[in-house]
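Commentary on secondary and tertiary structure
Next come the chains, spelled out residue by residue.
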Amino acid sequence: PPPGAAADVEHFLLVVPPVRFFFLTVEPNVKCTVETTDDSVVVAGRECVLEGSDGIIRSINRAFVFEVIAKMTWIDSADHRRIDCAVDLRVDVAPPGPFRAMPRRVLETTGNAVMRVATDQILNGFLQTLVRDYGAWAS
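Quick look at the structure, then. (Residues numbered from 1 in each chain as written. Predicted model: local features only at pLDDT ≥ 70, side-chain atom pairs only at ≥ 80, totals over all residues. Heavy atoms only, no water.)

All right, on to the environment of E35 then. Following the sequence through the fold, E35 ends up in strand β3 (residues 24-36). Taking the C-alpha atoms as reference, E35 lies 6.7 Å from E10; in sequence the two are 25 residues apart. (Helix = DSSP H or I, 4+ residues; strand = E, 2+ residues; numbered from the N terminus.)

Written out as structure tokens, the structure is:
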């Protein structure tokens, strides 16, 4: 492909470690694509299914829209090496059942905190794996 053009697109299921949200514990499963070019790697997820044993999880799965895009770029020169990652995460929720009685601001604040923790866990785990894999590849 020409420089900067998409070279490869792969699909995978990203399973996030369980996250506690009020009285529920959920395990987000995100269907992702990975697109690589000469100067970036873009991981995008537009479908998320929450796993859990509680029946309310099924109603939550029908009540939200999810999209995440993480774009990684890098500098790899003799005097400078760096990987940058920008993440855009969007979640829109229509609160189900008992959550409707809670003030929207409380739900948004808590939901944002949970999503921030989950995103940080995913990104840190990914970058640690990337560093380890790069080290093995480069040696």
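That shown, we press on.
Before going further, it helps to spend a moment on the pattern of salt bridges. Inspection of the entire model under this criterion finds six salt bridges. Its salt-bridge partner being R82, residue D84 comes within 3.0 Å of it at the nearest N-O pair. As a salt-bridge pair, D88 and R90 come within 3.0 Å of each other at their nearest N and O atoms. (Salt bridge = Lys/Arg side-chain N within 4 Å of Asp/Glu carboxyl O.)

Moving on, we get to the pairing of strand β4 (residues 41-51). As paired strands, β3 and β4 are joined by 10 bridges and run antiparallel to one another. Bridge assignment links V34 to a residue of β4, and that residue is V43. Between β3 and β4, which pair antiparallel and follow one another directly, the connecting turn spans four residues. As paired strands, β4 and strand β5 (residues 64-76) are joined by five bridges and run antiparallel to one another. Paired with V41 across the two strands is M72, which belongs to β5. (Pairing = 2+ DSSP bridges.)

Let's shift gears to the side chain of N29. Secondary-structure assignment places N29 in strand β3. For N29, a relative accessible area of 10% corresponds to the buried category. One polar contact links the side chain of N29 to the main-chain carbonyl oxygen of E27, over a distance of 2.9 Å. Those residues within four positions of N29 in sequence are excluded, and the remaining contacts are L13, L14, V15, E47, C48, V49 and E51. (Buried < 20%, exposed > 50% of the residue type's maximum accessible area, 1.4 Å probe, protein only. Polar contact = N/O pair within 3.5 Å; in protein donor to acceptor, adjacent residues only side chain to side chain. Contact = heavy atoms within 4.5 Å.)

In this structure, L24, L50 and I60 are the most contacted members of the largest nonpolar core, which totals 18 residues. At the level of elements, β3, β4, α1 (56-61) and β5 are the ones that each hand at least two residues to this core. For this core, the element with the most residues is β3, which contributes five residues. Aside from chain neighbours lying at most four places away, what touches I60 is L24, L50, P96 and F99. (Core = buried A, V, L, I, M, F, W, Y, C linked by side-chain atoms within 4.5 Å.)

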